Amino acid sequence: MEAQNYTPNQTGMGLKSTLSIAVSVALLISSTAVQAEAFIPSLTAHGKPKPYEVMPLYDLNKAGGVMPYVQEQAESTLGAVDTVVNSKSKNIRVGSSYNSATEGHETFADIRQKGSLFYGRAIVVDESAGNYKGASGEEVRFGYDRQAAQVVIGTTPRASTDIKLVYVRDVIKDNKVPVATGNSYAISDGSGNVVVADGFGMDPVDTDRQVAKLMWDESFTHDVFQKMHLELYRIDLDRLADNYSLRDTATPKQQSAKIDRSMSGFKADTDLNLFSSQLNLALDYTAINHEAKRYGGPGTAGLETVSAYLYPGVEMDELLLSATSEFDIAPLQTLTLGVNFKHVSADATKATQTNSTNPGAGNKSAIQLYQTYYGDVELKQSEGHASGKLQWDYDNQSDLTAYASIANFFRSPDTQERYFAVSAFSPDPSVPLGPTARSVGNPEIDWEQHRRVEAGVGKSSEAWVDYGRTRGHSMAWQVDATAYYDDINNFITRDRARGQTATGANDYARIWRNVDATMAGIEIDAKANLTKNIASRLALNFTQGENTSENRDLYYIAPFEANLFFDYFDYLSTGGTWNIGTQIRHVAKQNSVDADPTTGSGYDGGEADAFTVVNLYASAQLNDRIGLKAGVNNLTDKSYTDTMAKFPLEGNRVLVEAPERNFYVAITANF
């Protein structure tokens, strides 16, 4: 389920009255503790582009590096190499993988050491990938170079204390994305055409992310205080994007963007024993600073000229207070209640700064852009909301689990949704660099309110242990199913200006506004160990999203997908294990899209045909010390596009053909 980045079984319910808050506090005090911050998570914007995931730093299931244009809802297991990669007895792991499609590689070293008082871990990774061909024979523009590292240093001066420092750095260079091309869309009333640049006007040529965390965990034998976690953290993103380092762009059209985003914060949570019960309390404070400028472009004096304040000195402070607890209501049954309160203060401190180019040529300052589409707005915003969730769980400690939850929770707008300000280079609507190239956040946009119900059940046979592992020799199976329905008030949607806002602006610029929406999804994951050596798995995913205010589809909603796996496991006579398997991935036709900028946001790349892809894989390991994995993706050389492809920066999404038939190989060892 891609919608809203939901994690099943982790949502929240907002409390709206003094009475409901009082009842919640009473329940919390009379119960046992679960982790407050995790129970009601903070959601991210729907369909938001972002750089490649930092963690995990290496992944043998993605041999040869990242392939963002293929987004499977279910993946094969690591197979036989799992015992090599996840060995707890060896301090050094190394590995390397290669993919023939992109000629990509990923090479890593993972070293760890633990003594009586101190421990440490260091990981280094090097990746690269390049252009590839689809099964149609067309070359797809793609590629990146990446170096990442993680260092962990910790101490355990006593059994109850764990203090550690974590530092991660991830550098991605020369990340190529689809080049923007101008496309014309006819307005339904016959009044003309809208010209939009579909694709991406720049490449992120240098992305540097750094994460530092200092954490202290303490256990107590005190009557009231049971556990404590304290954390200081800092996250920095520095990025340079341009349209000339990796592209042939004439000097007058060259432009670049420099982005600087930092997040600094403090977390604390504790388990308290009050009135013979336990309560988990958590606090999380984050200070966000986000600044970005665009330089150069048509009609400017060159690359030293500021042509837009994309994030005009954005400052945002977020404070989250959480409380969660769990208590027994009957044998094998628990009830969990979580409440939180989030407050956000935000401002765009440089919104009034003007660009160096003439506003008459199409450029505007950030405040001028906000006023063009939303009227007289207040830049400074301060708002808070309470959320909560109530969940019932059943677990017979054997072969049956179930849960059901009801929630009402809020999501605060991020810096992009509030303050993004991309001005155009021309006032002419008939050119791609005209008003349709603008992207304008809404400083006064409302918080999303999610009213959500969710349920799930898991059932297994008595002999079930895990996929490929059975007690005895009989057939064993497990089935998990989850479903949710989310009624969203004030869903924050991307859109195109067609007269919906206070000013009536009608130039098809990208804007952000509130609508009502619904999302729903079902996941079914059925696994069976058919014999001692043969296992199979069927994973089904269905997601639906609708803009109910305007009776049209939401963008970036996954089509129905089914993944069928067959695996054979066995032992090697030389002391080890091996397996061979196949994945059959079927994705239904995607015709529920928001791809037309004259009637919606135009954010989707378009409709896509159904496809079925077959992947083969095999692996082997010797004595849990050395492992080899190899496979063939897209065995039948099918030409297809995955509508859930991910892109690393803001732009108009396009359909990108997936790689042709390709092979991969990965080797890993531990010492």
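Scope of this entry: the structure provided in the associated data block. Given the structure is predicted, the values throughout are model-derived calculations rather than measurements.

Notes on the overall build of the protein
When helices and strands are counted, the protein shows five helices and 32 strands. Relative to a compact globule of 671 residues, whose C-alpha radius of gyration would be 26 Å, the protein shows 26 Å and is just as compact. Judged by the C-alpha coordinates and their principal axes, the protein covers about 75 × 65 × 50 Å. Put simply, the protein has 671 residues, and 51% of those count as buried. Sequence-distant contacts in the protein: of pairs separated by 6 or more residues, those separated by 24 or more amount to 71%. For the protein, the exposed surface amounts to about 28,500 Å²; the carbon and sulfur share of it is 56%.

Points about a nonpolar patch on the surface
On the surface, Val151, Ile153, Leu165, Tyr167, Leu214, Leu232, Phe266, Leu283, Tyr285, Leu319, Leu321 and Phe341 cluster together to form a nonpolar patch covering roughly 970 Å² of accessible area. Position of Val151 among the secondary structure elements: in strand 7 (residues 143-155).

Here we look at helix 4 (residues 366-374)
If you check which residues of helix 4 are buried, you get Ala366, Ile367, Leu369, Tyr370, Tyr373 and Tyr374. Summarising the axial view, the buried residues of helix 4 lie within an arc of 160°, below the 170-degree limit, and thus occupy one face. Each element contacted by the buried residues of helix 4 is listed here: strand 15 (306-330), helix 5 (415-419), strand 19 (421-422), strand 20 (439-440) and strand 25 (510-529). A positive backbone phi angle near 85° is found at Gly375, which sits one or two residues after helix 4.

Brief notes about the pattern of salt bridges
Tallied over the full model, the rule gives 36 salt bridges. In this structure, Asp414 and Lys48 form a salt bridge, with 3.4 Å as the shortest nitrogen-oxygen distance. Here the residue Asp414 occupies a position in the loop between strand 18 (400-411) and helix 5, and Lys48 occupies one in the loop between helix 2 (36-39) and helix 3 (82-85), the gap between them amounting to 366 residues. Given the relative accessible area of 33%, Lys48 is considered partly exposed. Residue Glu550 pairs with Arg513 through a salt bridge whose shortest N-O separation is 2.0 Å. With Glu550 in the loop between strand 26 (534-547) and strand 27 (552-553) and Arg513 in strand 25, the pair connects residues that are 37 residues apart, well separated along the chain. Given the relative accessible area of 13%, Arg513 is considered buried. Among the charged side chains, a salt-bridge network with shared partners connects Asp495, Arg498, Arg513, Glu550, Arg552 and Asp594.

A look at the nonpolar core
In terms of nonpolar packing, the biggest core is built from 37 residues, with Leu310, Ala351, Tyr370 and Tyr373 touching the most fellow members. Of all the secondary structure elements, the ones that give two or more residues to this core are strand 13 (255-274), strand 14 (277-296), strand 15, strand 16 (333-348), helix 4, strand 19 and strand 25. With residues near it in sequence (within four places) discarded, Tyr370 still touches Pro312, Ala351, Gly375, Val377, Leu379, Arg418, Tyr419, Phe420, Ala421, Val440, Gly441 and Pro443. Core analysis: the next-biggest nonpolar cluster, separate from the first, contains 23 residues, Tyr52, Val70, Ala129 and Phe647 among them.

Analysis parameters
Residues numbered from 1 in each chain as written. Predicted model: local features only at pLDDT ≥ 70, side-chain atom pairs only at ≥ 80, totals over all residues. Heavy atoms only, no water. Helix = DSSP H or I, 4+ residues; strand = E, 2+ residues; numbered from the N terminus. Rg over C-alpha atoms; globule rule 2.2 N^0.38 Å. Buried < 20%, exposed > 50% of the residue type's maximum accessible area, 1.4 Å probe, protein only. Contact = heavy atoms within 4.5 Å. Areas by Shrake-Rupley, 256 points an atom, 1.4 Å probe, with all protein chains shown as cover. Patch = residues over 30% accessible without salt bridge, like charges linked within 9 Å, V, L, I, M, F, W, Y side chains within 5 Å. Salt bridge = Lys/Arg side-chain N within 4 Å of Asp/Glu carboxyl O. Arc of directions from axis to C-beta. Core = buried A, V, L, I, M, F, W, Y, C linked by side-chain atoms within 4.5 Å.

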